[in-house]
Amino acid sequence: MLGLNLTGRKVVFVGGGAVASRRLPRLLDDGALVTVVAPEVGDDVHELIRAGRVEWTARAVREDDLDGAWFVHCATADRRTDALVSAWCENRRIFCVNTSDGAHGSARLTAETRAGDIVVGVVSDAGVDPRRTARLRDAIGAQLADGTLPVRRRRRTATGRVDLVGGGPGPIDLMTVRGRRLLAEADVIVADRLGPADALPELDDEVEIIDVGKRPGHHPVPQHEINELLIAHARRGRRVVRLKGGDPFVYGRGGEELAACQAAGIPTEVVPGITSAIAVPQAAGIPVTHRGVSAGLHLVNGQADVSPTTLAALADDAVTTVVLMGVAALPKLAAATRAAGVPADRPVAIVERGHTPQQRTTRTTLGRMAQDAADAGVRNPAVIVVGEVARAGLLMAEPERAGDVRR
Ligand code: SAH
């Protein structure tokens, strides 16, 4: 099979029905200059003509319609016409797709799938069986898309890139398909903690994994050095994935890394992830909003000072407050709410290591949370949920776990 570059070249499509409407977009995506020859065309094809994306010769086909064409596709639903066009093409040495006789013409279109910069086309050597090739194409497409095929480049390109990928709350099947494909394409993975991703089948042995892990209070690699690391690897022509827990733009410093890469002229992409702010409460059966219970969500970093806005959210029983990085801040948070007169009986749930086998939920209240967390030995990583949605038994969906604490 050959791959043809149709960019800027004349292609004649004979017929304007269903086959044309399916296949014209593909020829156009390949950059072909397409003329449709057909007395009548269907709505989709009409739309392309109206939009100026294809030319239309509105009559039955003639041999001179093929003048200047590099490639012809016939699909008139009339075998005799298709055979005639096919014969003209043969004479003129123009490659032609003609599937109406159940065999291939001098050319055939593959069933095509794309992922990133990879294009796979499926054809068969036997008779035409489009459903079979389409199914196979879809199966290959699914594996390409989720990174289970070896898509990593073997030959370096001049410029690398940095993709910021959200890894979600932990389990690999809670990561996006796009993120997994980018991981499979990566030469270098820069991670805070790789977690389940280090066991990914798509990672080659040669992939370099750099752990810049941050734990609260420890900053093994300072942020500016992480930025420099990303840029340096990309400048060496490598594809870098900056893998982050949850979502890169939720307390992930993803914005800073993106800005640094862009300032350095490095191509970048950001792939969102499922943030722990929402998914970890969910793992404990807590919806962050719930009709008639909580209409809004206030998300805050526990390490920051307790702002008036946070106090207002904590005091509002129609708002859920979610605190990340908040375990060490529980006494400070409790003192601030007490001083501000926020009702001490507001429900609190502290969910540790959400979506892992070690998940544990401690149910308490604003007034008691600091003591209860200390008694239960609550540790990071944990998500603190304050509000009516944190009340035990709001939903029955999530069974309690062995270690769960209810005060
Ligand atoms: N970008 C991440 C958040 C980074 S801040 C996201 O969108 O999820 C790190 C904080 O996230 C932790 O201190 C903790 O509050 C929370 N966190 C992340 N994963 C968690 C998990 N599996 N269980 C509980 N908390 C988690």
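These numbers were taken from a predicted model, which means no experiment stands behind them.

## Focus on the pattern of salt bridges
Taken as a whole, this structure holds 30 salt bridges when the rule is applied. Salt-bridge contacts for Arg152 lead to Asp187; the nearest nitrogen and oxygen are separated by 3.0 Å. Of this pair, Arg152 sits in the loop between α4 (130-145) and β8 (161-166) while Asp187 sits in the loop between α5 (177-185) and β9 (188-191), and the two are 35 residues apart along the sequence. Residues Arg152 and Asp187 agree in their burial class; the two are buried. When salt bridges with common partners are traced through the structure, they connect Arg161, Asp163, Arg178, Arg181, Glu185, Arg239 and Glu269 into a single cluster.

## Looking at the domain arrangement of the protein
Each domain of the protein was delimited in the assignment, giving domain 1 (1-109), domain 2 (111-145), domain 3 (161-274) and domain 4 (277-406). For domain 2 versus domain 4, the distance between C-alpha centres works out to 48 Å.

## Regarding the packing of aromatic side chains
Counted according to the given criterion, the structure contains 0 aromatic pairs. The ring of Trp70 is capped by Arg9, whose NZ or CZ atom sits 4.2 Å from the centre of that ring.

## Quick word on the sheet that holds strand β13 (residues 296-301)
As summarised here, the arrangement of the 6 strands in space is β13-β14-β17-β15-β16-β18, forming an open sheet in which the pairing is mixed. Two strands close off the open sheet at either side, each with one partner strand: β13 and β18 (405-406). Pairing of strand β15 (residues 347-352) with strand β16 (residues 360-365), which is carried by 6 bridges, proceeds in the antiparallel orientation. Looking across to β16, one finds that Pro347 is bridged to Thr365. Taken strand by strand, helix α8 (residues 276-283) contacts β13, β14 (319-324), β15 and β17 (382-386), and its axis lies near 80 degrees from that of β17. The strands that helix α9 (residues 308-315) touches are β13, β14 and β17; relative to β13, the one it contacts most, it runs at about 135 degrees.

## Notes on the environment of Arg135
Position of Arg135 among the secondary structure elements: in helix α4. Each C-alpha atom of the pair Arg135 and Leu243 lies 33 Å from the other, and the pair is 108 residues apart in sequence.

## Here's the deal with a nonpolar patch on the surface
A cluster of nonpolar side chains, namely Tyr251, Leu299 and Met325, defines an oily patch on the protein surface of about 240 Å² accessible area. With respect to the helices and strands, the residue Tyr251 is situated in the loop between β11 (239-244) and α7 (254-263).

## Description of the site of the ligand
Residues in contact with the ligand amount to 19 residues; listed here are only the nearest, Val250, Thr275, Ser276, Gly354 and Ala382. A distance of 2.6 Å separates an oxygen atom of the ligand from a polar side-chain atom of Ser276. Here the ligand, which alone exposes 540 Å², has 89% of that area covered by the protein. Broken down by secondary-structure element, the contributors of at least two residues to the shell around the ligand are α8 and β17. Here the shell around the ligand is built from residues that sort into 10 nonpolar, 6 polar and 3 charged. Mapping the shell around the ligand onto the domain boundaries places at least three of its residues in each of domain 3 (161-274) and domain 4 (277-406).

## Observations regarding the packing of helix α10 (residues 330-339) against helix α11 (residues 369-376)
Axis separation between α10 and α11 bottoms out at 8 Å; the angle between their running directions is 160 degrees. Comparing their axes, α11 and α10 come out roughly antiparallel. Helix-helix and strand crossings are classified by hand; for α10 and α11 the assignment is left-handed. Taking contact as the criterion, the partners of Leu330, Pro331, Leu333 and Ala334 in α10 are, on α11, Met369, Ala370 and Ala373. A per-class count over the contact of α10 with α11 returns 7 nonpolar, no polar and no charged.

## Remarks on the sheet that holds β11
Each strand in a sheet pairs with another by means of backbone hydrogen bonds, the pair being arranged parallel or else antiparallel. Reading across the sheet, the 5 strands line up as β10-β9-β11-β8-β12 and stay open at both edges, with parallel pairing between neighbours. Only two strands of the sheet have a single partner each, and these edge strands are β10 (208-211) and β12 (268-271). With strand direction ignored, the average angle separating the axes of adjacent strands in the sheet is 15 degrees. Relative to β12, β8 is paired through 4 bridges, and the arrangement is parallel.

## Examining unusual backbone geometry
In this model, Asn380 is joined to Pro381 through a cis peptide bond whose omega is -5 degrees. Tracing the chain through its elements places Pro381 in the loop between α11 and β17. The phi torsion at Ala77 lies on the positive side, around 70 degrees, for a residue other than glycine. Note that Ala77 resides in the loop between β4 (71-74) and α3 (79-92). Its relative accessible area of 83% is what places Ala77 among the exposed residues. Of note in the backbone geometry, Met325 takes a positive phi value of approximately 50 degrees without being a glycine. By the secondary structure assignment, Met325 is in the loop between β14 and α10. Assessed through its relative accessible area of 32%, Met325 is described here as partly exposed.

Procedures and definitions
- Residues numbered from 1 in each chain as written.
- Predicted model: local features only at pLDDT ≥ 70, side-chain atom pairs only at ≥ 80, totals over all residues.
- Heavy atoms only, no water.
- Salt bridge = Lys/Arg side-chain N within 4 Å of Asp/Glu carboxyl O.
- Helix = DSSP H or I, 4+ residues; strand = E, 2+ residues; numbered from the N terminus.
- Buried < 20%, exposed > 50% of the residue type's maximum accessible area, 1.4 Å probe, protein only.
- Domains from an automatic or database assignment.
- Phe/Tyr/Trp six-rings, centres within 6.5 Å; stacked < 30°, edge-to-face > 60°.
- Lys NZ or Arg CZ within 6 Å of the ring centre and 35° of its normal.
- Pairing = 2+ DSSP bridges.
- Contact = heavy atoms within 4.5 Å.
- Axes fitted to C-alpha atoms, helices over the stretch in contact; angles between N-to-C directions.
- Patch = residues over 30% accessible without salt bridge, like charges linked within 9 Å, V, L, I, M, F, W, Y side chains within 5 Å.
- Areas by Shrake-Rupley, 256 points an atom, 1.4 Å probe, with all protein chains shown as cover.
- Near = heavy atom within 4 Å.
- Polar contact = N/O pair within 3.5 Å; in protein donor to acceptor, adjacent residues only side chain to side chain.
- Nonpolar A, V, L, I, M, F, W, Y, C, P; charged D, E, K, R; others polar.
- Parallel < 35°, antiparallel > 145°, perpendicular 65-115°, else oblique.
- Left-handed = near helix turned anticlockwise from the far one by under 90°.

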